[in-house]
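# Notes for the structure review
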Amino acid sequence: LTVANLEGKNVLVRRFKIKLLKEKDIEAVFPFEAESVLPYPVEEAILDKIYLEKQEDSTALNLIAAKLPSVEGCLKRYHDLKIDPEILTCEPASLA
């Protein structure tokens, strides 16, 4: 198993709540909800999330985002070394 690490300075982590409970519903609206907390267009980002807790009427999440060029640059450095990472993680996600 090969894991690549994206530097923390290239990653944005934001905690927020979505007034939904079902994962299927959250998946459907997640990119649109992310737009409100991103300082750049969602089309230029790679997005992920960490589910934190479900409450009575909402779900708390950590949004993890990185600009696409940062992710591509990170992966290119590994590929240049003939390494093909199976997982891409980041320093802030491991602390979230």
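Residues numbered from 1 in each chain as written. Predicted model: local features only at pLDDT ≥ 70, side-chain atom pairs only at ≥ 80, totals over all residues. Heavy atoms only, no water.

## Notes on the confidence of the model for the chain
The condition is simple: One number per residue, pLDDT, summarises how confident the predictor is, and it ranges from 0 to 100. A run of H or I in DSSP counts as a helix once it spans at least four residues, and a run of E counts as a strand once it spans at least two, with each numbered from the N terminus.
Scored by pLDDT, the chain comes out at a mean of 92, with 95% of its residues at no less than 70. Across the chain, helix α2 (residues 68–80) holds the top mean pLDDT of 96, while helix α3 (residues 91–95) sits lowest at 62.

## Some points on the pattern of salt bridges
Selection rule: We define a salt bridge as a contact between a side-chain nitrogen of Lys or Arg and a carboxyl oxygen of Asp or Glu at a distance within 4 Å. Exposure classes here rest on a 1.4 Å probe applied to the protein chains alone. A residue is buried below 20% of its type maximum, exposed above 50%, and partly exposed in between.
Within the structure shown, the criterion is met by 5 salt bridges. The residue Glu53 makes a salt bridge to Arg15 at a minimum N-O spacing of 3.5 Å. Here the residue Glu53 occupies a position in strand β3 (residues 45–54), and Arg15 occupies one in strand β2 (residues 11–18), the gap between them amounting to 38 residues. Here Arg15 falls in the exposed class, since its relative accessible area comes to 54%.

## Things to note about the packing of aromatic side chains
The criterion, for reference: Aromatic pairs are defined between Phe, Tyr and Trp rings, using the six-membered ring for Trp, whenever the two ring centres lie within 6.5 Å; interplanar angles under 30 degrees are classed as stacked, those over 60 as edge-to-face, and all others as tilted. Charge over a ring is defined by NZ of Lys or CZ of Arg lying within 6 Å of the ring centre and within 35 degrees of the ring normal.
Under the counting rule described, the total for this entry stands at 1 aromatic pair. Both rings, one in Phe16 and one in Phe30, keep their centres 6.3 Å apart while their planes meet at 20 degrees; by these two values the pair is stacked. Placement of Phe16 in strand β2 and of Phe30 in helix α1 (residues 23–35) is noted, with a sequence separation of 14 residues between them. Comparing Phe16 with Phe30 shows no difference in burial state: the two are buried. Taking NZ or CZ as reference, Lys49 lies 4.5 Å from the ring centre of Phe30, over its face.

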